[in-house]
Amino acid sequence: MLSQALDSGRRISGHIMTLFLFTKSDLLTVLIPITLSTLAAAPHPNVTRIPDIVVWMWLHLLKHDIYNQMQDPEEDQKNKPHRPLPAGRITAQNAADVRWLLVPVCLIFSTMYGSTVLACSVCLEALSIWYNEFGGDKTGLSKNLLTAIAYTILELGATVVIGSSIDKIGAHGITFSSVVFATTLHAQDFKDEEGDRLTGRRTLVTLFPTFARMSMMIGVPLWSLCLSRLWKLDPTCSVAFIIYGTIVGARFMVYRTANAHKQSCKLYSLWFTLVHLLPGYWRFFYGT
């Protein structure tokens, strides 16, 4: 009996790890920043619902990530062999079954929080189909645009799930974080550049590498400056934020090895997380 229970426990933990690995790359760039953004930007967040927004977002990310990773396993074999499909942790058919099972699960879970959250769930599914079935991820422009729209919808849904209305500051926070994401999202493509070239995937980094690097070198510090002014950071915080943004942006131009790109992406993720905390800074010091 004990050995059977241990075997069952190992199998269950293995399945949980498989699901986690599907979404691992989104934790730093999506799940954590949006969770912090929701708490910072919402005027009256219900902190007891933090687990709700994490679960709601994670289920939608899992559904999309499984769908996306089923499309081009050859690319993941070169770029991300640790993912569940190339690692052999799950078959393509089983992954497809889980993906389609998650569609009603996400919709039913979303109905618990009202029509707005349900509408967000429906829109996210439509965007996921467009992205994966109709070539939305094939070019850098459409990929960034669709991802930014999905990001905005996730932020909107998470804000409603946490039980808060969206005021002017919250709307500005969601808008600017989405625009920043759309214009700097290709930071994540640098670490996959070699594999993308081998598989023929067209991204901003593979099509216009010099422009992509310059856009990061200029864009990240420029956004740091603009957001410092927008959210009225004090001089010390402004200087620190701009210097950090300058370092992050410059790394993409100066350091060009695969390992350096991975490190640059992590530093970018931290910068992007700080972007999401800025509305909270404004509320703390200037809110009434």
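In this report, we go over the structure that sits alongside the text. Being a predicted model, the structure only gives us computed values, none of them experimental.

Each value, and the rule that gives it
- Residues numbered from 1 in each chain as written.
- Predicted model: local features only at pLDDT ≥ 70, side-chain atom pairs only at ≥ 80, totals over all residues.
- Heavy atoms only, no water.
- Helix = DSSP H or I, 4+ residues; strand = E, 2+ residues; numbered from the N terminus.
- Rg over C-alpha atoms; globule rule 2.2 N^0.38 Å.
- Contact = heavy atoms within 4.5 Å.
- Areas by Shrake-Rupley, 256 points an atom, 1.4 Å probe, with all protein chains shown as cover.
- Phe/Tyr/Trp six-rings, centres within 6.5 Å; stacked < 30°, edge-to-face > 60°.
- Buried < 20%, exposed > 50% of the residue type's maximum accessible area, 1.4 Å probe, protein only.
- Lys NZ or Arg CZ within 6 Å of the ring centre and 35° of its normal.
- Axes fitted to C-alpha atoms, helices over the stretch in contact; angles between N-to-C directions.
- Parallel < 35°, antiparallel > 145°, perpendicular 65-115°, else oblique.
- Left-handed = near helix turned anticlockwise from the far one by under 90°.
- Nonpolar A, V, L, I, M, F, W, Y, C, P; charged D, E, K, R; others polar.
- Core = buried A, V, L, I, M, F, W, Y, C linked by side-chain atoms within 4.5 Å.
- Salt bridge = Lys/Arg side-chain N within 4 Å of Asp/Glu carboxyl O.
- Patch = residues over 30% accessible without salt bridge, like charges linked within 9 Å, V, L, I, M, F, W, Y side chains within 5 Å.
- Disulfide = S-S within 2.5 Å.

Within the protein, the secondary structure is distributed over 13 helices and zero strands. Tracing the protein from N to C terminus, the helices and strands come up as α-α-α-α-α-α-α-α-α-α-α-α-α. By the compact-globule yardstick of 19 Å for 288 residues, the protein fits well, its C-alpha radius of gyration being 20 Å. Contacts spanning at least 24 positions in sequence make up 73% of the contacts within the protein whose residues lie at least 6 apart. Here the protein displays about 14100 Å² of accessible surface, and carbon together with sulfur accounts for 69% of that area.

Take the side chain of Arg251 next. With respect to the helices, strands and loops of the structure, Arg251 is situated in helix α12 (residues 235-254). When neighbours within four sequence positions are excluded, Arg251 is seen to be in contact with Ala260, Gln263, Ser264 and Leu267.

Under the counting rule described, the total for this entry stands at 12 aromatic pairs. Between Phe190 and Phe252, the aromatic rings sit 5.1 Å apart at their centres with planes inclined by 45°, giving tilted as the arrangement. In this pair, Phe190 is assigned in the loop between α8 (168-184) and α9 (193-199) and Phe252 in helix α12, connecting sequence segments 62 residues apart. Residue Phe190 shares its accessibility class with Phe252, and that shared class is buried. By the ring-pair criterion, three or more aromatic residues cluster together here, those being Tyr151, Phe181, Phe241, Tyr268, Trp271 and Phe272. Across from the ring centre of Tyr67, 3.9 Å away, lies the NZ or CZ of Arg99, which sits over that ring.

This part is about the packing of helix α3 (residues 50-71) against helix α6 (residues 115-133). Interaxial distance between α3 and α6 falls to 10 Å at its minimum, and their mutual angle equals 15°. On the basis of the axis angle, α3 is roughly parallel to α6. For the element pair α3 and α6, the recorded crossing hand is right-handed. For the pair α3 and α6, contact is made by Trp56, His60, Lys63, His64, Tyr67, Asn68 and Gln71 and by Val117, Cys120, Ser121, Leu124, Glu125, Ser128, Ile129, Tyr131, Asn132 and Glu133, respectively. Looking at the contact of α3 with α6, its residues break down into seven nonpolar, seven polar and three charged.

Residues Trp56, Leu154, Leu227, Tyr268 and Trp271 are the most contacted members of the largest nonpolar core, which totals 57 residues. The contact partners of Trp56, leaving out residues within four places of it in the chain, are Phe109, Ser110, Val117, Cys120, Leu124, Ile153, Leu154, Gly157, Ala158 and Val161.

Turning our eyes to something else, we now look at the pattern of salt bridges. Counted under the stated rule, the structure contains three salt bridges. One salt bridge in this structure joins Lys63 and Glu125, with 2.7 Å as the shortest N-O distance. Linking Lys63 in helix α3 with Glu125 in helix α6, this pair joins segments that are 62 residues apart in sequence. In this structure, Lys63 and Glu125 share a single accessibility class: buried. The partner of Asp167 in a salt bridge is Arg283, with the nearest N and O atoms 2.7 Å apart. Taken together, the residues span a long stretch of sequence, with Asp167 in the loop between α7 (140-161) and α8 and Arg283 in helix α13 (residues 258-286) at a distance of 116 residues. Residue Arg283 is classed as buried on the basis of its relative accessible area of 19%. Taken together, the salt bridges that share partners define one network made up of Lys63, Arg99 and Glu125.

So, on to a nonpolar patch on the surface. A cluster of nonpolar residues, Met214, Met217, Ile218, Leu222 and Leu225, forms a patch on the protein surface that exposes about 420 Å² of accessible area. Following the sequence through the fold, Leu225 ends up in helix α11 (residues 209-230). Exposure remark for Leu225: the relative accessible area of 39% places this residue in the partly exposed category.

Time to look at the state of the cysteines. Taken as a whole and judged by the stated rule, the model has zero disulfides. Sulfur of Cys106: no disulfide; nearest cysteine sulfur belongs to Cys120 and is 13 Å away.

The next point concerns the side chain of Thr206. With respect to the helices and strands, the residue Thr206 is situated in helix α10 (residues 204-207). Take Thr206: its relative accessible area is 12%, and that puts it in the buried class. Setting aside chain neighbours within four positions, we find Thr206 in contact with Glu193, Asp196, Arg197 and Arg201.

Shape is all these values report; function is a separate question.
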